[in-house]
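Tertiary structure, described
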Amino acid sequence: AQKITQTQPGMFVQEKEAVTLDCTYDTSDPSYGLFWYKQPSSGEMIFLIYQGSYDQQNATEGRYSLNFQKARKSANLVISASQLGDSAMYFCAMRRTGTASKLTFGTGTRLQVTL
Amino acid sequence: EAGVVQSPRYKIIEKKQPVAFWCNPISGHNTLYWYLQNLGQGPELLIRYENEEAVDDSQLPKDRFSAERLKGVDSTLKIQPAELGDSAVYLCASSPSGARGTQYFGPGTRLLVL
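Residues numbered from 1 in each chain as written. Chains lettered and ligands numbered in written order. Predicted model: local features only at pLDDT ≥ 70, side-chain atom pairs only at ≥ 80, totals over all residues. Heavy atoms only, no water.

**Quick notes on the state of the cysteines**
Residues and elements named next belong to chain A. Considering all chains together, one arrives at two disulfides over all chains under this definition. The disulfide partner of Cys23 is Cys92, and the gap between their sulfur atoms is 2.0 Å. Handedness of the Cys23-Cys92 disulfide follows from its S-S torsion of about -60 degrees: it is left-handed. One end of the pair, Cys23, is in the loop between β3 (19-21) and β4 (24-26); the other, Cys92, is in strand β10 (residues 88-96), and 69 residues separate them in sequence. (Disulfide = S-S within 2.5 Å. Helix = DSSP H or I, 4+ residues; strand = E, 2+ residues; numbered from the N terminus.)

Right, dumping it as structure tokens:
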């Protein structure tokens, strides 16, 4: 079984500052993928970034980077230079690789960007 | 490229009534997912299709929920009869073939059962 834990129900960050959203996971699968999604109030889940368990380097996508520490089973999302439009719910998720299996999600972190 | 399309966006019904949700995945995506998202929670899988075959429906409450994906493209999820506890957001996602298979989500249908 897979489990995702997001311990921060809510976070505040000032505009233009960086923020880290925490995610820890548990799985017995040897190969897996980790995902972060953004869900604004409109409801759509927007894919942000992906990290494979065997990737040697941490993933980056524009202002998003994933701090992957495999031994600690953590996959924290770092957002640099926060913008007001970053205010949303953020979900960490994982799934086995090799098959089109389901995503297992955490409970999410609500990020509020302030002026 | 068009994203995942879902309709309706919102639905309000009385308990014991039937309701149906429709999803059209991204063109070329063979895998289609229906997720249920309760308030304050992450989405949970209801059913996954590979083309027209349901390959994982273990979390689908089959006494009242049904789904189909005729011709392996768009899909319909039905609830009959709806209960108060079914009030939630129903998300559809699709993914391409391949090991990474990033899932792309539609805007969801917000259901309120009165």
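**Comments concerning the layout of surface pockets**
Of the volumes computed, that of the largest pocket is approximately 450 Å³. Every residue lining the largest pocket is counted, 23 residues in all, and those nearest its centre are Gln39(A), Gln37(B), Leu39(B), Gly40(B) and Arg110(B). Taken together, the elements giving at least two residues each to the lining of the largest pocket come down to β10 of chain A together with β9 (88-95) and β11 (109-113) of chain B. A volume near 250 Å³ is recorded for the second largest pocket. Along its surface, the second largest pocket is lined by 16 residues, and Lys102(A), Pro43(B), Glu44(B), Leu45(B) and Gln59(B) are the ones closest to its centre. Only β11 (104-105) of chain A together with β5 (44-50) of chain B provide two or more residues apiece to the lining of the second largest pocket. Among the elements that take part in the lining of the second largest pocket, β5(B) stands out by supplying three residues, more than any other. (1 Å grid on protein atoms, 1.4 Å probe; cavity = no way out; pocket = protein on both sides within 12 Å on 5 of 7 lines; lining within 4 Å. Points joined across faces, edges and corners; volume = space filled by probe spheres on them.)

Shape is all these values report; function is a separate question.
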